Amino acid sequence: MVTDELNSNYDVVIVGGGAAGLNGALMLARARRSVAVVDAGAPRNAAADGVHGLLGREGMAPAELLARGRTEVRGYGGHIVSGEITGAIREDGEFLLELADGRTVRARRLLVTTGLVDEIPDVAGLRERWGRDVVHCPYCHGWEVRDRRIGVIANGPMSVHGALLFRQWTDDVVLFTHTMDAPGAEAAEKLAARGIAVVAGEVAALEIGGDHITGVRLTDGTVVAREVITVGPRMVARSEILRKLGLEPVEHPSGAGEYVPTDAMGRTDVAGVWAAGNVTDLSAQVGAAAAAGAFAAAQINADLVEEETRRAVERHRRGFSADDESALTERVLGDRRHGL
């Protein structure tokens, strides 16, 4: 059964169809909630050759993992909708969402799992090689680039930390300061102790030979032979939808980018809105993002149960019988399953 149409209303709409969003949808659909995942189709890890560090799915292509997830969500009646949500307002205690193509949908609760955008230095060749021989996470890519000549292009306060991490996978690491100041005395000592060379000067471009990186060219013309480049991106939450609801991202304490804060339950500061995955946890890998989506979904379901119970108590006090309550509940469930 194909269930990719967009109904007029749902218990929960999930904005973003990555690991966090799909796992959240799976939990909610299994909880007999009407749920739709609206996904713009631009996953952060699309350039990666495989997902790593995820037990039972090691090395699986990101597209295959998402395809399996969509199939599982659909199997429980969840809807997977291609589109981009461009508008959101609070209306009559619910959320009214508008898609770029003009469609609208209502939801009692929102789960935002839009992920983040990697901002990298404007260096010729860097974006083109991203996800291939330009990488950023040692735990995602370190094994695949082990024992190769690695160059780290500084891009923020975590650059020295990144160079020290990648030293675990190879003994040939060079840190290019690029547009940043030279490391301080303490950092310089750590780098020297680990045999990591520091090259001052702005990076102009990557040298490419055939279909692989051969070196790093500085603005003064110097070329340093390298095979792999790592750069810690500035990670910025995709939070346009939250801005429309009055919630702004903030600078992460690490200085690595901007994120959307939540409480321990995944709630944002906007009532009825939860967030999970990289939009609120910049360093979360696929497994952690999926787990966060599932956890937030459970909290959303519990919140809905609490609301429904409160209303049931109010009706009970007005003289509704148990049979009346059961019939009303079944009618509401049926209406929401059919988008009424």
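Think of each chain on its own: its residues are numbered from 1, step by step along the sequence as written. Only residues with pLDDT of at least 70 get local features here, since the model is predicted, and only at 80 or more are side-chain atom pairs given and counted; chain-wide, interface and lining totals rely on the full set of residues. Note that the side-chain values use all heavy atoms of the structure and ignore hydrogens as well as water.

Per an unreviewed UniProt entry, the protein chain goes by Thioredoxin reductase and derives from Nocardia cerradoensis. In its Catalytic activity (unreviewed entry) section, the UniProt record describing the protein chain reads: "[thioredoxin]-dithiol + NADP(+) = [thioredoxin]-disulfide + NADPH + H(+)". UniProt positions are given in the numbering used here, feature names are shortened, and annotations may be inferred rather than shown by experiment.

A. Representation of the overall build of the protein chain in the model. Helix numbering and strand numbering both begin at the N terminus, where a helix is a DSSP run of H or I of at least 4 residues and a strand a DSSP run of E of at least 2. Within the protein chain one finds eight helices and 19 strands. The principal-axis extent of the C-alpha atoms belonging to the protein chain is close to 80 × 40 × 35 Å. Think of it in three bands: with a 1.4 Å probe and only protein chains considered, a residue is buried below 20% of the maximum accessible area for its type, exposed above 50%, and partly exposed in between. Relative to its full complement of 340 residues, the protein chain shows a buried share of 46%. The contact definition used throughout considers only heavy atoms, calling two residues in contact when any of these lie within 4.5 Å. Considering only residue pairs separated by 6 or more positions, the protein chain has 59% of its internal contacts joining residues 24 or more positions apart.

B. Looking closely at the nonpolar core. Residue types Ala, Val, Leu, Ile, Met, Phe, Trp, Tyr and Cys, when buried and joined through side-chain atoms within 4.5 Å, form a set referred to as a nonpolar core. Counting 26 residues, the largest nonpolar core has V13, I85, L97, L110 and V273 as its most contacted members. Elements represented by at least two residues in this core include exactly β1 (9–15), β2 (35–39), β4 (85–91), β5 (94–99), β6 (104–112), α6 (240–243) and β19 (273–275). Take this core: its biggest share by element is four residues, from β6. If near-sequence neighbours (up to four positions away) are discounted, V13 is found in contact with A36, V38, I85, L97, V105, R106, A107, R109, L110 and L111. One finds L22, V73, L111 and A297 within the second-largest nonpolar core, a separate group that totals 21 residues.

C. Structural detail: the sheet that holds strand β11 (residues 197–199). Strand pairing requires that DSSP identify at least two bridges connecting the strands. The strand order across the open sheet built from five strands is β8-β15-β9-β10-β11, with neighbouring strands paired in parallel fashion. Both edges of this open sheet fall to β8 (134–135) and β11, since each of them pairs with a single strand only. Relative to strand β15 (residues 228–231), β8 runs parallel, the two being bridged by two bridges. In the sheet register, V134 faces β15, and the bridge partner there is I229. Between N-to-C directions, angles span 0 to 180 degrees; the directions come from axes that are lines fitted to C-alpha atoms, helices contributing only their stretch in contact. Here helix α4 (residues 159–166) sits on the sheet in contact with β8, β9 (150–153), β10 (173–176) and β15, set at roughly 170° to β10.

D. Main features of the pairing of strand β3 (residues 79–82). Of the strand pairs in this sheet, β2 and β3 are connected by four bridges, and their pairing is parallel. Within β3, the residue paired with V37 across the bridge is I80. Here a crossover is taken to be right-handed if, once the strands point away from the viewer, the path from the first strand over the helix to the second is traced clockwise. Each parallel crossover has a hand, and for β2 linked through helix α2 (residues 62–75) to β3 it is right-handed.

E. Structural context of the pairing of strand β16 (residues 234–237). Looking at chain direction, strand β7 (residues 116–119) and β16 are connected through four bridges and run antiparallel. Bridge assignment links L116 to a residue of β16, and that residue is A237. With two bridges joining them, β16 and strand β18 (residues 257–259) adopt parallel strand pairing. The partner of M235 across the bridge, within β18, is G257.

F. Region of the structure containing the packing of aromatic side chains. Between the rings of Phe, Tyr and Trp (Trp by its six-membered ring), a pair exists once the centres lie within 6.5 Å; its type follows the angle of the planes, with under 30 degrees stacked, over 60 edge-to-face, and the other angles tilted. Using the criterion set out here, one finds one aromatic pair in the structure. Ring centres of Y139 and W169 lie 5.8 Å apart, and the angle between their planes is 85°; this geometry places the pair in the edge-to-face category. Linking Y139 in helix α3 (residues 138–141) with W169 in the loop between α4 and β10, this pair joins segments that are 30 residues apart in sequence. Residue classification places W169 among the buried residues on the basis of a relative accessible area of 19%. In this structure, R127 packs its charged tip against the face of W130, placed 5.8 Å from the ring centre. Lysine and arginine charges are scored as sitting over a ring when NZ or CZ, respectively, is within 6 Å of the ring centre and within 35 degrees of the ring normal. Over the aromatic face of W143 sits the side chain of R146, whose NZ or CZ is 4.0 Å from the ring centroid.

G. A look at the sheet that holds β7. Read across the open sheet, the four strands follow the order β7-β16-β18-β17; overall the sheet is mixed. In the strand order of this sheet, the two ends are held by β7 and β17 (250–251), each with one partner.

H. Representation of helix α1 (residues 19–30) in the model. Each helix should span, by expectation, one fewer than its residue count multiplied by 1.5 Å. Here α1 is twelve residues long and its end C-alpha atoms lie 16 Å apart, about the 16 Å a rise of 1.5 Å per residue gives. Of the positions making up α1, those classed as buried are A20, G21, L22, G24, A25, L26, L28 and A29. Positive phi appears at R32, one or two residues downstream of α1, with a value of about 65°.

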